Amino acid sequence: MDCHRIFIAELATRSDLPALYEELRIFLQSQGVELQIDSDSRVMTARGPPDQIAKVSDLIQLVTHGVSLNRAKEYFLKDEYYLKIDLNDTLAPKDVTRTVARIIGSKGSFKRKLEELTEADIIVHDGSVMIMGSYSSIELARVAIEEVILGKPQSIVIKNLQRRIEEDKWGK
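Residues numbered from 1 in each chain as written. Predicted model: local features only at pLDDT ≥ 70, side-chain atom pairs only at ≥ 80, totals over all residues. Heavy atoms only, no water.

### Considering the overall build of the protein
At step 1: For the protein, the helix and strand inventory stands at 8 helices and 6 strands.
At step 2: Counting over 172 residues, the protein shows a buried share of 44%.
At step 3: Across the protein, contacts joining residues at least 24 apart in sequence account for 56% of those joining residues at least 6 apart.
At step 4: Total accessible area on the protein stands at roughly 9500 Å², and carbon and sulfur atoms take up 51% of it. (Helix = DSSP H or I, 4+ residues; strand = E, 2+ residues; numbered from the N terminus. Buried < 20%, exposed > 50% of the residue type's maximum accessible area, 1.4 Å probe, protein only. Contact = heavy atoms within 4.5 Å. Areas by Shrake-Rupley, 256 points an atom, 1.4 Å probe, with all protein chains shown as cover.)

### Focus: the packing of aromatic side chains
What describes a pair of aromatic rings is the distance from one ring centre to the other and the angle between the planes of the rings.
At step 1: Going through the model one piece at a time under the given rule, you end up with 2 aromatic pairs.
At step 2: Each ring, one from Phe27 and one from Phe76, has its centre 5.5 Å from the other, and the planes form 75°; the classification is edge-to-face. One end of the pair, Phe27, is in helix α2 (residues 17-30); the other, Phe76, is in helix α4 (residues 69-77), with 49 residues separating them in the sequence.
At step 3: For the pair Tyr75 and Tyr82, a centre-to-centre distance of 5.7 Å together with 80° between the ring planes defines the contact as edge-to-face.
At step 4: The class of Tyr82 is partly exposed, set by a relative accessible area of 23%.
At step 5: The lysine or arginine in question, Lys55, covers the ring of Tyr75, its NZ or CZ lying 4.6 Å from the ring centre. (Phe/Tyr/Trp six-rings, centres within 6.5 Å; stacked < 30°, edge-to-face > 60°. Lys NZ or Arg CZ within 6 Å of the ring centre and 35° of its normal.)

### Quick look at the side chain of Ser137
At step 1: For Ser137, the location among the structural elements is in helix α7 (residues 135-149).
At step 2: Apart from residues lying up to four places away in sequence, Ser137 is in contact with Thr118, Glu119 and Ala120.

### So, the environment of Gly32
At step 1: Tracing the backbone through its elements, the reader meets Gly32 in the loop between α2 and β2 (34-37).
At step 2: Separated by 16 residues in the primary sequence, Gly32 and Gly48 have C-alpha atoms spaced 6.1 Å apart.

### Topic: α4
Think of an α-helix as 3.6 residues a turn; residues three or four steps apart then line up on the same face.
At step 1: Among the residues of α4, those classed as buried are Leu69, Arg71, Ala72, Lys73, Tyr75 and Phe76.
At step 2: Tucked inside the fold, the buried residues of α4 contact α2, α3 (50-64), β4 (81-86), β5 (121-125) and β6 (128-133).

### Side note on unusual backbone geometry
At step 1: With phi around 55°, Lys107 is a residue other than glycine that occupies positive phi space.
At step 2: Within the element layout of this structure, Lys107 appears in the loop between α5 (93-104) and α6 (109-118).
At step 3: With relative accessibility at 79%, the residue Lys107 sits in the exposed group.
At step 4: In this model, Glu119 sits at a positive phi of 60°, which is unusual for a non-glycine residue.

### Comments concerning the pattern of salt bridges
At step 1: Tallied over the full model, the rule gives 14 salt bridges.
At step 2: Salt-bridge contacts for Glu74 lead to Arg71; the nearest nitrogen and oxygen are separated by 3.8 Å. Here Glu74 and its partner Arg71 are both found in helix α4, 3 residues apart, which amounts to about one turn of the helix.
At step 3: Judged by relative accessible area, which is 35%, Glu74 ranks as partly exposed.
At step 4: Ionic pairing is found between Lys78 and Glu74, a salt bridge with its closest N-O pair at 3.8 Å.
At step 5: Residue classification places Lys78 among the partly exposed positions, given a relative accessible area of 42%. (Salt bridge = Lys/Arg side-chain N within 4 Å of Asp/Glu carboxyl O.)

Now the structure itself:
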C-alpha cells in the first residue's frame, strides 16, 4: 500500500468541506483507498494501491477546480484523462472574462456544441477550463478552445473542428 499526502488549502475554504470529505472518504473506501484529513483541514492522506493513489490526487484536483463530485467520481472509475487550461496564466483579467464568455457562448450553446462534437466534458470555473474525456476528445477540445482564446470567431472554430473530426475519421 502506498501513502500520499495531498495539500487541499483551496478546498479547506469550502463551507461544505466536512460533508464533501465524508462523501469522498466513503467513495474511496469502496475503491480500496483509506482517506484521512488532518485536524486543520489542509492536508488529506490517502493510503491504497499505487494506481488508485495517483487518481485520488486527480480527483481532489478536479473537485477543487469546479468539477462536480459525481463527475469526478466517474473520472476516477473510467479510463479518462483531463486537461486544465488556466486562462489567468496567459490573459489579462479583462480578457479572461471575455474569453470565458466566448467559450461558454450564448446560454451555454457554444460549450454544448464543443462537448457534442468532441465527446469531452468541458467545465469552465474561475478563469480556468477543465476538459475531461478520452485522449483524442481532449485534444480536439483543446485545439478548439485555443482557437477561441486566440480570438477566432466561434463559427470558424466549429468549422475547423468539424473538418478535423472528418479528417480523423478518414485517416487523412
